[in-house]
Amino acid sequence: MKNIEHLLQSFRDDLPGSSRTAAAIDRGAGLEEISELAEAEGFHKFASVLFEAEQEALRTSPEAVEDAATGTETFIQEARKDLPDGSRTAAAIDRKASWEEISELAEEEGLHQMASVLFEAEQEQLRTTA
């Protein structure tokens, strides 16, 4: 986690003061929030690195297997709040479609982070049930 803190501060030094990502780093927000804000502000590579760090932290935590599905469902419901009602991804979430279908629709609609989170969750679920 120390490396992540160093990465955050290093990246923060290059951000303008008006950046929402910078504000989140300054107030000590969680990696998920910082990653989402970075993605929204166009810092895609940084968001990707944070996402991977977050996934690694989840995989190494003792309660990772039990909490992964719950965490994914929470992520989906939180992401849904930001989607317009006309979105195919939103419609799939509303009808409780599979993670795979939601992921595919999210990718089609350019919601790359959501697609990536769901793809990783599906892969993890397959690994733990195999």
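Preceding this paragraph is the structure being described.
Remember, it's a predicted structure, so these values are computed and weren't measured experimentally. (Residues numbered from 1 in each chain as written. Predicted model: local features only at pLDDT ≥ 70, side-chain atom pairs only at ≥ 80, totals over all residues. Heavy atoms only, no water.)

With that settled, the discussion passes to the nonpolar core. Counting residues in each nonpolar core, the largest one holds 18 residues, and the members touching the most others are Ile93, Ile102, Met114 and Leu118. The set of elements that each furnish at least two residues to this core consists of helix H5 (64–80), helix H6 (88–94), helix H7 (99–108) and helix H8 (112–129). With five residues, H8 is the largest single contributor of residues to this core. Those residues in contact with Met114 that lie beyond four places of it in its chain are Phe75, Ile76, Ala79, Leu83, Thr89, Ile93, Ile102 and Ala106. The next biggest cluster of nonpolar side chains, apart from the first, holds 16 residues, and it includes Ile4, Ala22, Ala24 and Ala29. (Core = buried A, V, L, I, M, F, W, Y, C linked by side-chain atoms within 4.5 Å. Buried < 20%, exposed > 50% of the residue type's maximum accessible area, 1.4 Å probe, protein only. Helix = DSSP H or I, 4+ residues; strand = E, 2+ residues; numbered from the N terminus. Contact = heavy atoms within 4.5 Å.)

Throughout the structure, instances matching the rule amount to seven salt bridges. A salt bridge links Arg80 to Asp85, with the nearest nitrogen and oxygen atoms 2.9 Å apart. With relative accessibility at 12%, the residue Arg80 sits in the buried group. Taking relative accessible area as the criterion, Asp85 reaches 67% and is therefore assigned exposed. Three or more residues are tied together by salt bridges with common partners; here these are Arg80, Asp85 and Asp94. (Salt bridge = Lys/Arg side-chain N within 4 Å of Asp/Glu carboxyl O.)

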